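# Survey of secondary and tertiary structure
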Amino acid sequence: MRHIYPTFYHEFRCIANRCEDSCCKDWDIDVDSETEKFYQTVEGALGDKIRSLTITDEYGERVFRSGNGRCPFWNDDMLCDIYIGIGEEHLSHTCANFPRVHIDYGDFQEHLLSFACPEAARFMLREEGNPYRDFGGSEELETTDENEDFMSFLLKARERSVAFLLNRDEPFAYRLADCLEFNAQVQALLNGEEPQPLSTDGVKAGSPDFIFDLHRQFEIMSDRWRQALDETAGQADSLAISKNFGADYEKFALYYLYRYYLEAIHSGDVLYSVKRIICAYLVTGKMDALFASQGYPLPRMRILQRYSKEVEHSYENTEQLNAAFDADRRFDTAPLLVMLEQMGAME
Ligand code: SF4
């Protein structure tokens, strides 16, 4: 099995109580069965507390019951009582691994760091080139399973999509438009259709309000995020995304593409991941424009990191986005292209 990592992967270290948005906040903590078995044997007050706070959630998963949006073992010094009491080796797999993400494609495994971790986000935003250059395309990654041709096709398409996102001669909205147009052709091939040149004649650029409306209906964990979203939505039409935001957003878009594009091996849909990148660009880019005018009450890194935590990491929110792409014609390729072209002209 070939394992592939971005260049910064092995340098990452959790900064624990110096973290500005800990993973011990807002999320339920999954307790895997192997770890729970060990927890049954822990003696004393800590063992009793662990057992009394391990519950089954609405999805049937064993989790720690959170109180006030915090892991119950995250103490007042913002350190973990389980880590302190019985050692790092007895953290649940979720706690031990986050923000590391492993995606197994059979013949190869890709490893990433999640943008929902502020320290990992800093690593990604610092990168000047393409930290995913070792991920390679279809030639480097020879696959042998039954999906070989499909995977090879997707790897080629992903490589080409990355090239569009890295075309630094263009404003970022134009790069997204090129990536979207290309993937509409890829999707036509996947659907067994003859790719046709896409016409946007007569398609009017709409307001981005519908994208904000959708995000405001999502399950939102933080009041601060809801407030930022509401404030940005109220002025979305007049906020222009800056060119230098595009330079940072490129890193988020690359992360996102490597994290999700190959899901098409199961869904047969490459447009889901590209359209989610476009929605995230619009929401975070306009929030960045608003916050720039206010002296950045939430730094740019935190806007992107928080989007990842609130939207990307929520199964429900991601499903709602994909469902809207299927049902709402305003998310079709042509109107999104027109919107991106208009935004690129303003960058
Ligand atoms: S979010 Fe990242 S840096 Fe912060 S506590 Fe979790 S792993 Fe550590």
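Residues numbered from 1 in each chain as written. Predicted model: local features only at pLDDT ≥ 70, side-chain atom pairs only at ≥ 80, totals over all residues. Heavy atoms only, no water.

Turning to the side chain of arginine 276, a few remarks are in order. Its location among the elements puts arginine 276 in helix 12 (residues 271-293). Among buried Asp, Glu, Lys and Arg side chains, arginine 276 stands out as unpaired, with glutamate 263 the closest opposite charge at 4.1 Å. Engagement of the side chain of arginine 276 in a polar contact is seen with the side chain of asparagine 322, the distance being 3.0 Å. If sequence neighbours within four positions are ignored, arginine 276 has contacts with Tyr256, Tyr260, Glu263, Thr318, Leu321, Asn322 and Phe325. (Helix = DSSP H or I, 4+ residues; strand = E, 2+ residues; numbered from the N terminus. Buried < 20%, exposed > 50% of the residue type's maximum accessible area, 1.4 Å probe, protein only. Lys, Arg positive; Asp, Glu negative; His and termini not counted. Salt bridge = Lys/Arg side-chain N within 4 Å of Asp/Glu carboxyl O. Polar contact = N/O pair within 3.5 Å; in protein donor to acceptor, adjacent residues only side chain to side chain. Contact = heavy atoms within 4.5 Å.)

What follows deals with the sheet that holds strand 5 (residues 100-104). Ordered by their spatial adjacency, 3 strands build an open sheet running 1-6-5, and the pairing between neighbours is mixed. The open sheet has two free edges, formed respectively by strand 1 (2-4) and strand 5, since each of these has just one partner strand. Across the sheet, the mean angle from the axis of one strand to that of its neighbour is 20°, orientation sign disregarded. For strand 5 and strand 6 (residues 108-113), the ladder comprises 5 bridges, and the chain directions are antiparallel. The residue bridging arginine 100 from the neighbouring strand is leucine 113, located in strand 6. Where helix 10 (residues 243-260) meets the sheet, its contacts fall on strand 5 and strand 6, and the angle it forms with strand 6 comes to roughly 145°. (Pairing = 2+ DSSP bridges. Axes fitted to C-alpha atoms, helices over the stretch in contact; angles between N-to-C directions.)

With that settled, the discussion passes to the pattern of salt bridges. Under the defined criterion, the tally for this structure stands at 19 salt bridges. The shortest N-O distance in the salt bridge between arginine 216 and aspartate 230 comes to 2.9 Å. Here arginine 216, found in helix 8 (residues 209-217), pairs with aspartate 230, found in helix 9 (residues 223-235); they are 14 residues apart in sequence, far enough to count as distant. By relative accessible area, arginine 216 is classed as partly exposed at 34%. Each member of the salt-bridge network shares a partner with another, and the members are Asp21, Lys25, Asp26, Arg302, Arg306, Lys309 and Glu310.

So, on to the domain arrangement of the chain. Per the domain assignment, the segments making up the chain are domain 1 (24-97) and domain 2 (147-346). One C-alpha centre belongs to domain 1, the other to domain 2, and the line joining them spans 35 Å. With 4 residues of domain 1 at the contact, the number on the domain 2 side is 5 residues. Each partner contributes to the roughly 440 Å² buried at the junction of domain 1 and domain 2, and carbon and sulfur atoms together form 48% of this total. Of all residues in domain 1, Asp26, Trp27 and Tyr59 bury the most surface against domain 2, accounting for 90% of the area lost on that side. The interface formed by domain 1 and domain 2 holds 2 salt bridges in total. When the shortest N-O distance is used, the salt bridge between aspartate 26 and arginine 306 registers 2.9 Å. Where domain 1 meets domain 2, there are 3 residue pairs in polar contact (both at pLDDT 80 or more). Taken together, the residues of the side of domain 1 that touches domain 2 sort by class into 2 nonpolar, no polar and 2 charged. (Domains from an automatic or database assignment. Buried area = accessible area lost by both parts, 1.4 Å probe. Nonpolar A, V, L, I, M, F, W, Y, C, P; charged D, E, K, R; others polar.)

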